[in-house]
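So the chains spell out like this:
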Amino acid sequence: MTSLSPSSLSRIRIGSAPDSWGVWFPDDPRQVPWQRFLDEVAASGYEWIELGPYGYLPTDPAVLAEETARRGLKVSAGTVFTGLHHGEEVWEETWAHVSGIADLTRAMGARHLVVIPSFWRDDRTGQVLEPAELTAGQWRNLTSLTERLGREVRERYGLTIVVHPHADTHIDSEENVTRFLDGTDSGLVSLCLDTGHYAYCGGDSVKLIETYGERIGYLHLKQVDPEVLADVRAKGTPFGPAVAQGVMCEPPSGTPELGPVLEAAQRLGVELFAIVEQDMYPCEPDRPLPIARRTRAFLRSCGA
């Protein structure tokens, strides 16, 4: 397969997110203030950002529009968390969570809503909350209600949902990702392929892009440290403590190689956001900016 030249990733829009500044929660004393995140993400050379956890950035669209515009930033997506495998009884609660975020996302001119499935073990404590495997009935709930979510979000807000495979959720490994994709309508449900989470769970991002290209609607760029991952797998370490251990590392020191991922995405022939998300919660406040600058320079060297 012929490699693309470093200047040919014309369809890829690069951005970053609060996650790359160690932000996982709307309010946490170990996280940098939102003003500092916006200042530093702009200083790192990014033009696109995600909203991150709802409530971290200002939720008043006028305030957020002013704060982002004066830094030359634009919003690519919002993020929601769902537990749709639980069935109809969680729909109203889910929609209440989704609707406010979708409203802000639309108001900021973004067109995507990243949907993260609920964790089967707590990302802070590692406590097991429910079985790691879904029953056949729960799979039916997950696929049918995700389709409903896609339809409702599109009809009411004009947004496209992109479902994010994630460690310690039920949409994680190649087996579960492909089962989810095969069980959902491509017209309603697209994928946010997170290269780090997919590698963490044993998947091959390039293979997934080449096999399910029409379902790839959005990218998150991150890498895993193979040595730390081996230790995490051997010990069964939950995702939160694994991040604190450094399992997600600064590109280009980990896997997968991001150049081939971006080239495979470019070959799809559609415009895609590729948002850097290096999980670093918790981290020292001075750590993210130098990493962000180096990561942006590395992605430019890849042609993005």
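Keep in mind it's a predicted model, so treat the numbers as computed, not measured.

What follows deals with empty space enclosed by the protein. Under the definition given, this model contains five cavities of 30 Å³ or more. There is about 40 Å³ of room inside the largest cavity. As for the largest cavity, its lining consists of Thr82, Gly83, Leu84, His85, Pro117, Ser118, Leu134, Leu142 and His170. Partitioned by chemical class, the residues of the lining of the largest cavity number four nonpolar, five polar and no charged.

Direction vectors running N to C along helix H4 (residues 136-157) and helix H5 (residues 174-182) enclose 55°, while the axes themselves pass 10 Å from each other. As far as their axial angle goes, H5 and H4 are oblique. Judged by the sense of rotation from one axis to the other, the crossing of H4 with H5 is right-handed. In contact with Ala136, Trp139, Leu142, Thr143 and Thr146 of H4, H5 contributes Asn176, Arg179 and Phe180. In terms of residue class, the contact of H4 with H5 is made up of four nonpolar, three polar and one charged.

Glancing now at the nonpolar core. Judged by nonpolar contacts, the single largest core of 69 residues is most densely connected at Phe37, Leu57, Leu208 and Leu262. When neighbours within four sequence positions are excluded, Leu208 is seen to be in contact with Val177, Leu181, Leu191, Leu193, Tyr198, Gly213 and Ile216. Core analysis: the next-biggest nonpolar cluster, separate from the first, contains 15 residues, Tyr200, Leu229, Val247 and Tyr281 among them.

What counts and what doesn't
Residues numbered from 1 in each chain as written. Predicted model: local features only at pLDDT ≥ 70, side-chain atom pairs only at ≥ 80, totals over all residues. Heavy atoms only, no water. 1 Å grid on protein atoms, 1.4 Å probe; cavity = no way out; pocket = protein on both sides within 12 Å on 5 of 7 lines; lining within 4 Å. Points joined across faces, edges and corners; volume = space filled by probe spheres on them. Nonpolar A, V, L, I, M, F, W, Y, C, P; charged D, E, K, R; others polar. Axes fitted to C-alpha atoms, helices over the stretch in contact; angles between N-to-C directions. Helix = DSSP H or I, 4+ residues; strand = E, 2+ residues; numbered from the N terminus. Parallel < 35°, antiparallel > 145°, perpendicular 65-115°, else oblique. Left-handed = near helix turned anticlockwise from the far one by under 90°. Contact = heavy atoms within 4.5 Å. Core = buried A, V, L, I, M, F, W, Y, C linked by side-chain atoms within 4.5 Å. Buried < 20%, exposed > 50% of the residue type's maximum accessible area, 1.4 Å probe, protein only.

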